[in-house]
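An overview of the molecular structure
Spelled out from the first residue to the last, the chains are:
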Amino acid sequence: MRETPEELTTLQALLDASLSRSTAHLRSIVVERTMTAEQLTRVLTGMCTLALSTVTAKGEPRISGADGHFLHGRWHFGTARDAAKARHLAARPAASVAHLRGEDLGVFTHGTVEILNPRDGEPAADWPDLLAYFKDFYGADAFDWDNDVVYYRLHPHWMTVYAPDVDKLIATS
């Protein structure tokens with residue numbers, strides 16, 4: 001868990017607000033089967049496979065996989081700089097991600113991406129710390145970190161969690 005108390009408070013407020021704005025149908029499924037921000041950050045460690053949804057120039061949805069890392073209460077993910085999803089996100093930064101673990105966990109997030117390491121421009125203030133984390137996780141020589149990959153942070157405006165057996169998830173994390 002890398003979140004500060006303030007980040008956990010912000011994440012919990014997002015989870016609560018998102019659920020309160022959801023449809024009655026979704027609330028009937030999730031209300032008794034969700035997690036707190038603290039529980040969620042204990043479960044979402046390491047690399048989590050994401051289904052990432054972007055939109056083409058024609059307005060058509062596209063879904064692809066991405067390595068997701070839940071750090072400081074937000075999803076972070078990368079891709080090749082020349083990937084289709086990178087072009088989509090550069091032009092239309094709205095995105096949705098889902099992380100699913102069978103019937104045990106579903107984390108659904110909608111938001112807007114921030115480019116953490118733009119090719120021509122200043123990186124995010126926390127990029128050096130994030131880069132150190134990614135290099136430690138993948139290996140310092142895994143990529144040409146300045147040219148091959150682009151990393152994003154998803155700033156969520158909606159997030160909900162489905163977890164029918166929270167105790168089981170935490171015990172296996």
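Values in this document were obtained by computation on a predicted structure and should not be read as measured data.

1. Comments concerning the overall build of the protein
Helices and strands together make up the secondary structure of the protein, namely six helices and six strands. Along the protein, helices (α) and strands (β) appear in the sequence α-α-α-β-β-β-α-β-β-α-β-α when read from the amino end. Computed over its C-alpha atoms, the radius of gyration of the protein comes to 16 Å, within 12% of the 16 Å expected for a compact globule of 173 residues. Of all 173 residues assigned to the protein, the portion counted as buried reaches 41%. For the protein, the exposed area adds up to about 9100 Å²; of that, 53% sits on carbon and sulfur atoms.

2. Considering the pattern of salt bridges
Scanning the model with the defined rule gives four salt bridges in all. Among the ionic pairs, Glu114 bridges to Arg153, the shortest N-O distance being 2.9 Å. Of this pair, Glu114 sits in strand β5 (residues 105–115) while Arg153 sits in strand β6 (residues 149–162), placing them 39 residues apart in sequence. Taking relative accessible area as the criterion, Glu114 reaches 25% and is therefore assigned partly exposed. For Arg153, a relative accessible area of 10% puts it in the buried group. By sharing partners, the salt bridges in this structure join Glu114, Asp126 and Arg153 into a single network.

3. Regarding the pairing of β6
Among the 14 residues of β6, 11 are classified as buried, and the element is accordingly described as predominantly covered. The sheet contact formed by strand β3 (residues 74–80) and β6 spans six bridges and is antiparallel. Each bridged residue has a counterpart across the sheet, and for Trp75 the counterpart in β6 is Leu154. Summarising the sheet, β5 and β6 pair through 10 bridges and their orientation is antiparallel. Bridge pairing links Glu114 to Arg153 in β6.

4. Focus on helix α1 (residues 5–20)
An ideal rise of 1.5 Å per residue puts 22 Å on 16 residues; α1 measures up with 22 Å between its terminal C-alpha atoms. Taken together, the buried positions of α1 are occupied by Leu8, Leu11, Leu14, Leu15, Ser18 and Leu19. Seen from one end, α1 has its buried residues packed into an arc of 125°, which puts them on one side. Exposed and facing more than 90 degrees away from the buried side of α1 are Pro5, Glu6, Thr9 and Ser20. Packed against the buried residues of α1 are α2 (24–30), α3 (37–43), β2 (61–71) and β6.

Reading guide: rules and limits
Residues numbered from 1 in each chain as written. Predicted model: local features only at pLDDT ≥ 70, side-chain atom pairs only at ≥ 80, totals over all residues. Heavy atoms only, no water. Helix = DSSP H or I, 4+ residues; strand = E, 2+ residues; numbered from the N terminus. Rg over C-alpha atoms; globule rule 2.2 N^0.38 Å. Buried < 20%, exposed > 50% of the residue type's maximum accessible area, 1.4 Å probe, protein only. Areas by Shrake-Rupley, 256 points an atom, 1.4 Å probe, with all protein chains shown as cover. Salt bridge = Lys/Arg side-chain N within 4 Å of Asp/Glu carboxyl O. Pairing = 2+ DSSP bridges. Expected span 1.5 Å × (residues − 1). Arc of directions from axis to C-beta. Contact = heavy atoms within 4.5 Å.

Just geometry here; none of it tells us what the structure is for.
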